Amino acid sequence: MSTSYLKYLVRLLALLLFLLQSGPIDAQQRNSQPLFDMQAMRDATTLATEIQQDWHAVGGDLPTRQKLVTIRVGELVPGREYRVPVRMIVPANGKARGFHLTGGHQTAMLQNDARPRGVERELLGGGVGLVYTVVQVLQQSGQGDLGQAAERRFLQTLDPHSSIQYWGWPATLMRAVTAAYAEKEHFEMGKVALSGASKNGASPSVAIIHDKRMTALHASVSPIWDSPLRMCDQAEWERLRTENQRFVTALRQRNPGANAQRLLNHGFLGGTFGPVYNSQALAAGRRWQDLEKLSSRMAENVFISRNLDALKARDVDLYFHPGTHDFVAFDIAWGGKHHPQIPLYLAVNSGHGQRSEHPGREREENKAAFLLEHFFDDVEPLLEAPTVTSKVNGRLLSVRVNFKPESRAESGRIYWIFDRGSDGSAAYITELFPRDQWKEMTFDATENSWSVVIPLEDNVSRIDFFSNHRKTIQYRSRPYRSCISSPYTRVLLEDE
């Protein structure tokens, strides 16, 4: 073999090694990057702030000072800037200490001076500020082209940094905190509580995991935990498809005009952290293993359940309203079993698009009570999540809900449903708790517990139940009704 040929082979081998390494190394570097560069998130010098309305007095029965700006969040697509508006509101006299941050606003509405109502007035009166921003699809903020480009890039690459739900919206909230604290003459460091529903419940759930400046979260109809469907367990997805097909077949027999296609191809049921992108990603050339890998990578970054110890160490307050029939928070049976300590309230037959009235549904003011208790020292603590035990005796189910000795509930009310569909299924969101399947519970002061006996129907294979319990707190002589639920429980019934 000639020397020149050997040199050629060496060069060829070196080139092949380079080509083999360059792709994986780039992918490895991209996948090993933290979801958020927190130093960049906290860097006020890169906000590129544009003042729309400088600080000015806003009169009325609750005078405030307000400022409206737009800020640079970052880049969802390389070379494409993503910006959002931020309105800051502080008491008329003095700095705000901390603030309540919300993203459920519209760009056009933020052009108008805010007239805070309800609990926001109480917060301002107590020296707590308000910060409003926009966590919405980009089409609503005049950045539709950017949103479409980011979605295309995400489906092709599965790079979460191009995902509005994984990166864009949580980053918006973090950058809004940075913008507020940059206004040193109007804000001083304090507690930062976030609240919202749907994307405005999911986005702060991600942000509070990463941003240690944030101290509390009240989130509704949004993901909480890492159930198998969310983790793209392929066997679970096959089970889901089989169950949905059976349900749709039975539904068509009862109602030929039912919209079965929507139930079989729901845009959210089973999604990792929002809309289901599985089929689009597969069509773009990704594999199911890629979906599993992404969900595994995202789990530590987005699910509260994966970060409970760290959040507890930071003394973060949490409260969730997942809904009993919500197509985004579609896995409360799994969560009740695996994470019973997470505090939540289940309004019976509630969720996105649910308008069903139930005679046993409570009237609560959880968000107001939660925010007041978080920001102010002179407010009683809310109820903590209780424990629940149950026992089948013949055709009866005995249920007992226990609270800690120092935590006293004022009421107990239980709801149940037989043979409910599995988490994430079409039946799960379609079949509601019957209007007559609820009871008031009996209180035992010696054990600080609430109990009830539920009659079991014949020919049923399982029963799902949860209970709700009230505690009224006071703030400035006004009562606020708070409610907490026992862990959602599913009991398999043995054949008699």
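Residues numbered from 1 in each chain as written. Predicted model: local features only at pLDDT ≥ 70, side-chain atom pairs only at ≥ 80, totals over all residues. Heavy atoms only, no water.

S.K.: Help me understand the overall build of the protein chain in this model?
M.R.: The helix and strand inventory of the protein chain stands at 14 helices and 17 strands. A globule of 496 residues ought to have a C-alpha radius of gyration of about 23 Å, and the protein chain, at 25 Å, matches this closely. Projected onto its principal axes, the C-alpha coordinates of the protein chain cover approximately 90 × 65 × 45 Å. Counting every position in the protein chain, which comprises 496 residues, the buried fraction comes to 54%. (Helix = DSSP H or I, 4+ residues; strand = E, 2+ residues; numbered from the N terminus. Rg over C-alpha atoms; globule rule 2.2 N^0.38 Å. Buried < 20%, exposed > 50% of the residue type's maximum accessible area, 1.4 Å probe, protein only.)

S.K.: Looking at this structure, how should I read the pattern of salt bridges?
M.R.: Should their charged atoms come close, side chains of opposite charge can pair. Counted by the stated rule, this structure contains 28 salt bridges. Ionic pairing is found between Asp-226 and Arg-306, a salt bridge with its closest N-O pair at 2.5 Å. Taken together, the residues span a long stretch of sequence, with Asp-226 in the loop between β7 (216–220) and α7 (234–254) and Arg-306 in the loop between α10 (288–302) and α11 (308–313) at a distance of 80 residues. For Asp-226, a relative accessible area of 13% corresponds to the buried category. (Salt bridge = Lys/Arg side-chain N within 4 Å of Asp/Glu carboxyl O.)

S.K.: Sorry, what's going on with the packing of helix α6 (residues 199–210) against α10 here?
M.R.: For any two helices packed against each other, the geometry is given by the interaxial angle and the distance between the axes. Relative orientation of the contacting elements α6 and α10 amounts to 75°, with a least axis distance of 8 Å. Put simply, α6 runs roughly perpendicular to α10. Packed against α6, whose contacting residues are Ser-205, Val-206, Ile-209 and His-210, the element α10 presents Glu-300, Asn-301 and Val-302 at the interface. Of the residues assigned to the contact of α6 with α10, the class counts are 3 nonpolar, 3 polar and 1 charged. (Axes fitted to C-alpha atoms, helices over the stretch in contact; angles between N-to-C directions. Parallel < 35°, antiparallel > 145°, perpendicular 65-115°, else oblique. Contact = heavy atoms within 4.5 Å. Nonpolar A, V, L, I, M, F, W, Y, C, P; charged D, E, K, R; others polar.)

S.K.: Quick question: what am I supposed to make of unusual backbone geometry here?
M.R.: Peptide bonds are, in most cases, trans, and in most cases residues other than glycine have a negative phi. The phi angle at Val-221 is positive, at roughly 35°, despite the residue not being glycine. Its location among the elements puts Val-221 in the loop between β7 and α7. Not every positive phi belongs to a glycine, and Ser-477 is a case in point at roughly 70°. By secondary structure assignment, the location of Ser-477 is in the loop between β15 (462–475) and β16 (478–485). On the accessibility criterion, Ser-477 (71% relative accessible area) is exposed.

S.K.: I keep staring at the layout of surface pockets and nothing clicks. Help me out?
M.R.: Which parts of space are left empty comes out when a probe the size of a water molecule is rolled across the atoms. Here the largest pocket is characterised by a volume of approximately 1300 Å³. In this structure, the largest pocket is lined by 47 residues; those nearest its centre are Pro-340, Gln-341, Ile-342, Pro-343 and Ala-385. When contributions to the lining of the largest pocket are tallied by element, the ones reaching two or more residues are α7, α11, β8 (317–321), α12 (332–338), α13 (366–375), β9 (387–393), β15 and β17 (489–492). Looking at the lining of the largest pocket, the element that brings in the most residues is α12, giving 5 residues. In terms of residue class, the lining of the largest pocket is built from 23 nonpolar, 8 polar and 16 charged. Space inside the second largest pocket adds up to approximately 700 Å³. Only α4 (144–157), α5 (164–182) and α6 provide two or more residues apiece to the lining of the second largest pocket. Among the elements that line the lining of the second largest pocket, the one with the most residues is α4, at 7 residues. Residue composition of the lining of the second largest pocket, by class: 16 nonpolar, 13 polar and 2 charged. (1 Å grid on protein atoms, 1.4 Å probe; cavity = no way out; pocket = protein on both sides within 12 Å on 5 of 7 lines; lining within 4 Å. Points joined across faces, edges and corners; volume = space filled by probe spheres on them.)

S.K.: I would appreciate a short explanation of the side chain of Asp-226 in the present structure.
M.R.: Side chain to side chain, Asp-226 and Ser-305 meet in a polar contact 2.9 Å long. Filtering out sequence-adjacent residues up to four positions away, Asp-226 remains in contact with Met-231, Phe-303, Ser-305, Arg-306, Trp-334 and His-339. (Polar contact = N/O pair within 3.5 Å; in protein donor to acceptor, adjacent residues only side chain to side chain.)

S.K.: I tried to follow α6 on my own but got confused; where do I start?
M.R.: The periodicity of an α-helix, 3.6 residues per turn, causes residues three or four positions apart to be oriented the same way. Taking 1.5 Å of rise per residue, 12 residues should cover 16 Å, and α6 covers 17 Å from first to last C-alpha, within 8% of that figure. The complete set of buried residues in α6 reads Asn-200, Gly-201, Ala-202, Ser-203, Pro-204, Ser-205, Val-206, Ala-207, Ile-208, Ile-209 and His-210. (Expected span 1.5 Å × (residues − 1).)

S.K.: What is the right way to look at the sheet that holds β7 in this model?
M.R.: Sheet strands associate in pairs through backbone hydrogen bonding, adopting either a parallel or an antiparallel arrangement. Spatially, β1-β2-β3-β5-β4-β6-β7-β8 is the arrangement adopted by the 8 strands of the open sheet, whose pairing is mixed. In this open sheet, the two strands that pair with only one neighbour each are β1 (50–58) and β8. The average undirected angle you get between the axes of adjacent strands in this sheet is 20°. As judged from the 5 bridges shared by β7 and β8, these two strands associate in the parallel manner. Paired with Ala-219 across the bridge in β8 is Phe-320. Here α6 sits on the sheet in contact with β6 (187–197), β7 and β8, set at roughly 150° to β7. (Pairing = 2+ DSSP bridges.)

S.K.: Mind showing me how you'd approach the packing of α5 against α6 here?
M.R.: One can describe the packing of α5 onto α6 by two numbers: an axis separation of 8 Å at closest approach and a directional angle of 70°. The orientation of α5 with respect to α6, classified from their angle, is roughly perpendicular. Contact residues: Tyr-166, Trp-169, Pro-170, Leu-173 and Met-174 in α5; Lys-199, Ser-203, Pro-204, Val-206, Ala-207 and His-210 in α6.

S.K.: What exactly am I supposed to notice about the environment of Asp-315 here?
M.R.: Relative to the helices and strands, Asp-315 resides in the loop between α11 and β8. For the pair Asp-315 and Asp-436, spaced 121 residues apart in the sequence, the C-alpha separation amounts to 40 Å.

S.K.: Quick question: what am I supposed to make of the packing of aromatic side chains here?
M.R.: A ring pair, where both rings are aromatic, is described by two values, the distance of the centres and the angle of the planes. Here the structure, examined in full by the defined rule, presents 14 aromatic pairs. Relative to Tyr-475, the ring of Phe-376 lies with its centre 5.0 Å away and its plane at 10°, an arrangement referred to as stacked. Of this pair, Phe-376 sits in the loop between α13 and β9 while Tyr-475 sits in strand β15, and the two are 99 residues apart along the sequence. Take Phe-376 and Tyr-475: they sit in the same class, and that class is buried. Among the aromatic residues, those joined into a ring-pair cluster are Tyr-415, Phe-433, Phe-466 and Tyr-488. We note Arg-230 situated over the ring of Phe-330; from NZ or CZ to the ring centre the distance is 4.1 Å. The ring of Tyr-428 is capped by Arg-420, whose NZ or CZ atom sits 3.9 Å from the centre of that ring. (Phe/Tyr/Trp six-rings, centres within 6.5 Å; stacked < 30°, edge-to-face > 60°. Lys NZ or Arg CZ within 6 Å of the ring centre and 35° of its normal.)

S.K.: Looking at this structure, how should I read the sheet that holds strand β10 (residues 396–402)?
M.R.: The strand order across the open sheet built from 4 strands is β9-β10-β14-β13, with neighbouring strands paired in antiparallel fashion. If you trace the sheet from one side to the other, it starts and ends with β9 and β13 (442–444), each paired once. On average, each strand axis in the sheet is tilted by 25° relative to the strand beside it, whichever way the strands run. Pairing of β9 with β10 involves 7 bridges; the strand directions are antiparallel. Looking at β10, one finds that Lys-391 is bridged to Ser-398.

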